[in-house]
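If you want the building blocks of each chain, they are given just below.
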Amino acid sequence: MSVNIEETLKPYLASDGKSINIGSAVGSAFGSAVGTVISEIFSGSVGIDGANFSFSGNENQVTISGQGNAAPLVSEIDVTLIFATQNTGASMSLSGSIQSDIPISQAWPSHLNSAPFNVLDLSSGKLTLDVDFGASTFDLDISATASYEKQTLGTGLIRVQYQESLGFLAGFIVTGTWNPVAHWSPLSNLTFTEGGVFLSTVEVTDLSAFTGFPYLPDKIEPGLTFIAELATTGAIKDLASFFPSGTKLDLLANVPVNNPSATTLKASLQAPATNNAFQFTEFSLEWQLDSKIQLTIIATFRPDKNDVLTLEGDGTLVYSPEPSLDADITLTGSGSWTHPFGIQNVTIDAFSFGFSLSEEGLNVAAEGTITVGTGSGAVILSLALGIEDFEAPSFFLAELQSADKGKLVTIPELVHDFIPELNLTNFPLLNQISIGELELLVVAAPIELEGKSYLPGIGITGDIAFFGYDLDFAFSLTSSPFAIQAKGMLSDNGGPIVIKAAGITIVTISDASGKTGPSACIDTTGGGYCGQSNYFTATAGLALLGLVKGSLLIQASGDGFMFDAALGVSTIFKDELLCEFYPKSNDIAASLDTSFHPGQDLNIPAWGPFPSFTIPLPNFDLVLAFGTVLPSQPIGPAKYMPSAPPYFYFYFDFTWGIVDFSVSFAIDWNSISGIFTNFGSWLVNWVENNALQLLGDIAKSAEEVAKLLVQIGWIFFEILEKLIVTFIDMAAEVLFDILKAIIDPSGICGVATGDAALNPGAPGLMYSAPSVLADLTETDRGQSLLYHYYLNKPELDEMLRPGNPISGRAQEVLASHATQSNLEQGRILPAAIALINTVREHGSAEFKASADEVLPLLQQYQDKTYAEFLGALAA
Amino acid sequence: MPNSLDSAVEAAWNSMWDRSTPYHLPTSVRTGLKSGLTWIKPLDSLPFANTGDVVLFNRPPWGGVSIDLQNNEVSQLDSAVNEGLSFDPQTGIIQGKIRFTEVKYTGKYIVRRGRSNGSALMLGGSVLKNIQGAPAPGDDANITLAKSYQSELLQNKSGRFMLGSYYDHNEAYCKAFTNDVFRGRWQSYPTNGKTTSYYAAQTSTAAQSANRNTVSVNGTPDNTGYSDYNSHAFSMQLMLVAVCNCQGNNDAATAASNFHDYSQPHSTQSQTVNSVLGIVSSSTPPVTRVDGPLALQSASPAPKVPEPAWKKKIREDLAPVLAEIQKEEDDVRRGIKLRETTGLPIYGEFRAYIATSTLTITGSVRQDEAGEPVVEFTRLSGDSPEVNLTLSPFQGGLFPEVEASLAKANFLKAVLGKRIVSALGSPKLLTHLSQLMNMATSHKPGRVVGRVREYSQCPKTRNQA
């Protein structure tokens, strides 16, 4: 059964019917919702009168309109109030309009007589309120234009809300002259736009009725609240570097109701902001003092495509008088970053970023510790790195923790920890490299740091020692491929490497300027990192025994460094000296094996049996070696091995016509220093001034003396006379035969030729051969004899050479067997057999083998004449 | 020795056949290698000695024909391929098997036509020509006598001068007899109806031991020096000088003239052989150089006497002969006259491409103080390859006969095959292999191995150099 609206309200009408004053008791008929609204929002009664007052309706609905006559419906408000049946009670609907300025505090004086509402004046606007039967919360909304603190504010909404208690919230978009700086002085140094003001007596979280604001905070606290979009300029310009350009913050400023002096000023990111490798999911500011801001930061860090790290932290920004930033964020969760950049065996622990300001702007630094390797051999290092522009770091730098400082770490140890797949046992020079003051980099992309280059992987630098030399080096241990690559400088205490022996500076290895050491490069892959397929090289300026040359490449080879030193200064000598520098003992050794064409005549002064003579344009085979350390192998064709270092040795060999010169000579170490300034000339001079060395061996042999004199151009007689006086122990006939064999090697005699030519019709042939050699070609067995004959002829000729003792013995044997009777009968085999038997015992194994094959055949026919013998061979 | 040695040696051997290593043998043969202080020179060719004259046949009209293979060398050593390795770590003996797919054997040849004599004993070499009192069968008695003169002349300085002067030009005097015109006159030119052989016999008779003090060698000259003997000698000398000059042997021509000047003063008298030898022994040679570059020609010649009329007449008579001699030489030089008809040596070149059998290189491996293996190859052995020479041809009818006989000369092919294997086993190649192995066994990553020279498709060999 529904209530009769008209009958229920009539009792509240004034007796003259021109006003009404409805008390909350009406709620007993209309329901508690209407009753509560009247008692709480309308302060106990709704009073309406005015000249245009009207009351009309029926049992189902009544409309009342007129002018307000009791707070909050003050007389400046025109009102229309409608009650209608609803369920077992009634609904109530109010609409109103403000006709002239009213301080809102007059409407609810007991609630709004204090800040912030006591200075809010409404100049126009509309009121609405709808109360449904059974409702328990109620909103009276006033859309109004307001001024605040006597300054025009703008248009907004005032919501009077009842929710067990009465609360007031007003929100206005600031379009007027009102300024929030009076309440929040830091704002004077900030740039903000599209501000909004909220006034509230309660905490409000549902702000859905408030539209058009730059943003809506999660809630409004009691008091005066100012919101705006804040630009990262002005006082907080130093924070702009954190975010992409144009990023805005949401500003929220509040003056609490209870403690107006405790104003707050906060700002936070509108949305997660991504800046290169960093994404700031939260970045909030809270002003502590006028120029001090508390920061709260949550960021996601993506150093590479595989790693996503979340870091949280806070800090402080002070921007006046001296701007400073002190903030850091630390890994959350597990608290470590394993395998940074995918590098195995490396874990970054307790990793954090710190943010600070410097003259250059915002600095981002990382700190933490790195654990390298696993188990007991792990090395723990302190980590540091710099990040530019929030980009993913290209490297991390770490150094030994203070407890481990001074500890030497060898390259093999590091390789064992970082890239155990790389076997360094065959790189002896690398084994000799140790590092103190170790600095380690975890490198994502190639970088230059302090003038050194590092490749992706593990970078190593520090105080590097190498056989007592300094390696100012940056090592990169890479895993793809497994390798060590390094570049830097090799020096002796920062200066050039100098090798001396016995007071003589042999070599200075330096940079091009000569002032510091050479630049060096290591690449265990032998790839192109060092510019060519080399493993350990240095580009050095070299001064070798006073012979200064430009830069050249020194290459590690075995236990030392190898280089080719160009000896091209001399006008008559141009070649490369192969040098080996042994860093372990600071030694050097060098060798040369070449042809040498001096391009000039050699003038040899008279010496021994020889007159002075000139060798035109000789070509030498030259071997040269010197060193401060004994060579591992004997040197050159003469297999020279010095007795002790230092040594300087050369060997040369050349032929001049029929003469072969060969000299092997070690010279005094102290005389070498000037040799290489013009090595070619020096060598020519040496030969010319050391006839003893050149001719000594030749002078020992009559045959060699004869050859040289023939070569010089002496005539037979002159040479023979010289041989006779020089080799007084030798018979003139022997010397004559020696000389004749040289001058007339064919053995064809002009006298014999002339004699033979006496017979009419004889051909003019110089050459004369035993016909047996032709005869034997006719049969297989004959050819077999010829095979052995020609095979052993060089040896046989040597044994039967004039002057050879075997020759004398052979003559005697032949004379006894070539008897007149045998020769007359044409039996030649006995003499041949005797000859072979005589020389056989002096022959080589091959000679003896041949003799043993030939002799049985000859012996078989020894009684036969020559013709019979030939016939037998053919049979 | 440990197993690691075994594998190190094997790895080193294998690396010599792996083109991707610096120790690839065919490459090192071409370019050489240098590393540390070790130089391994390129190995373009391996030489071996001249064969000397090898008689191919003896038949008319050529007479005895021989070939001398000179400047022998084996090249294309980069054709070596691997045929396996065996190494016994217990004994340290290493045996590598290699094969050359194609070596090149080249050189120069000299073909000579010659007289053949029946002296089988000449096989023994030059010593046999000098057996005292035992003339070789077939040797001309005149030559035997000449040799005994030689021994006597050697006993004094003046005699040695004469011998020396002769031997300085022996080859030129030999060559003179290749001139058909000269040789014809030498045989048939008459002086008072007698030819050279008559006067040679006169010399020979006078030189017989019984006659040396009694029989005149030069007849009985008149006061102008004329005797038939002297006249014939002068004629022959004029022609010899002319041939020598035409053949470019001017020194020999001058020497022949000077010899005449030197001996002329005595030729006006009758001389026995012993008196001639006495004159020689008591004379002072025109040149006695102890030191200093005096040339024979600068020595002051014996004073000249005015030439007698008979000599002038001989000069006139011989003028057309001398012109003929010159024409003959001209024809030879221009190739108008086939060289094979002259008796002069015939020069050419030859080559053969040879695939060797599998050869065994044997050596030893020891360990040095540092424990590094040290390989030393000491020997190469294997079957001799078949050698078929290709000769550059020369004009005439002799060449096909030389080629045919060469094809049948199995003894020579066998000798050459043996020489080639022996050349391949020379220290040059064995040292190259040893050094290469040692460099390879001690290899370390990063070792720098450079080339001694850049690769050349056609390296210069000794013959081309």
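Residues numbered from 1 in each chain as written. Chains lettered and ligands numbered in written order. Predicted model: local features only at pLDDT ≥ 70, side-chain atom pairs only at ≥ 80, totals over all residues. Heavy atoms only, no water.

### Some remarks on the overall build of chain A
Phase 1: Within chain A, the regular secondary structure consists of 20 helices and 45 strands.
Phase 2: Within chain A, buried positions represent 51% of all 875 residues.
Phase 3: Look at the contacts in chain A between residues 6 or more apart in sequence, and 50% of them connect residues 24 or more apart.
Phase 4: Here chain A has roughly 36000 Å² of accessible surface; of this, 48% comes from carbon and sulfur atoms. (Helix = DSSP H or I, 4+ residues; strand = E, 2+ residues; numbered from the N terminus. Buried < 20%, exposed > 50% of the residue type's maximum accessible area, 1.4 Å probe, protein only. Contact = heavy atoms within 4.5 Å. Areas by Shrake-Rupley, 256 points an atom, 1.4 Å probe, with all protein chains shown as cover.)

### Comments concerning the pairing of strand β10 (residues 165–173) of chain A
Residues and elements named next belong to chain A.
Phase 1: Burial analysis of β10 places seven of its nine residues in the buried class, the great majority of the element.
Phase 2: Bridge count between strand β9 (residues 151–163) and β10: eight bridges; the pairing is antiparallel. Across the sheet, residue G156 finds its bridge partner in β10, namely F172.
Phase 3: Following β9, the chain reverses through one residue before pairing antiparallel with β10; E164 in that reversal takes a positive phi of roughly 70°.
Phase 4: Alignment of β10 against strand β11 (residues 191–200), held across five bridges, turns out to be antiparallel. Within β11, the residue paired with A170 across the bridge is L199. (Pairing = 2+ DSSP bridges.)

### Things to note about the confidence of the model for chain B
Residues and elements named next belong to chain B.
Phase 1: In the predicted model, chain B carries a mean pLDDT of 83, and 84% of its residues have values of at least 70.
Phase 2: The model gives residues 118–139 a pLDDT under 50, and that stretch makes 38 contacts with residues more than four places away or in other chains.
Phase 3: In this model, residues 288–302 is a region of pLDDT below 50 whose contacts with residues beyond four sequence positions or in other chains number 20 contacts. (pLDDT = per-residue confidence, 0-100.)

### Considering the pattern of salt bridges
Phase 1: This model, assessed by the stated rule, comprises 29 salt bridges over all chains.
Phase 2: Through salt bridges with shared partners, a single network forms among B:D180, B:R183, B:E328 and B:K337. (Salt bridge = Lys/Arg side-chain N within 4 Å of Asp/Glu carboxyl O.)

### Description of the packing of helix α16 (residues 805–817) of chain A against helix α18 (residues 829–840) of chain A
Residues and elements named next belong to chain A.
Phase 1: Remark: α16 packs on α18, axes separated minimally by 9 Å, with the N-to-C direction vectors making an angle of 155°. With respect to their mutual orientation, α16 and α18 come out roughly antiparallel. The way α16 lies across α18 gives a crossing that is right-handed. Across the interface between the two elements, I806, R809, A810, V813, L814 and H817 of α16 pack against P830, A831, A834, L835, T838 and V839 of α18.
Phase 2: The residue inventory of the contact of α16 with α18, partitioned by class, reads nine nonpolar, two polar and one charged. (Axes fitted to C-alpha atoms, helices over the stretch in contact; angles between N-to-C directions. Parallel < 35°, antiparallel > 145°, perpendicular 65-115°, else oblique. Left-handed = near helix turned anticlockwise from the far one by under 90°. Nonpolar A, V, L, I, M, F, W, Y, C, P; charged D, E, K, R; others polar.)

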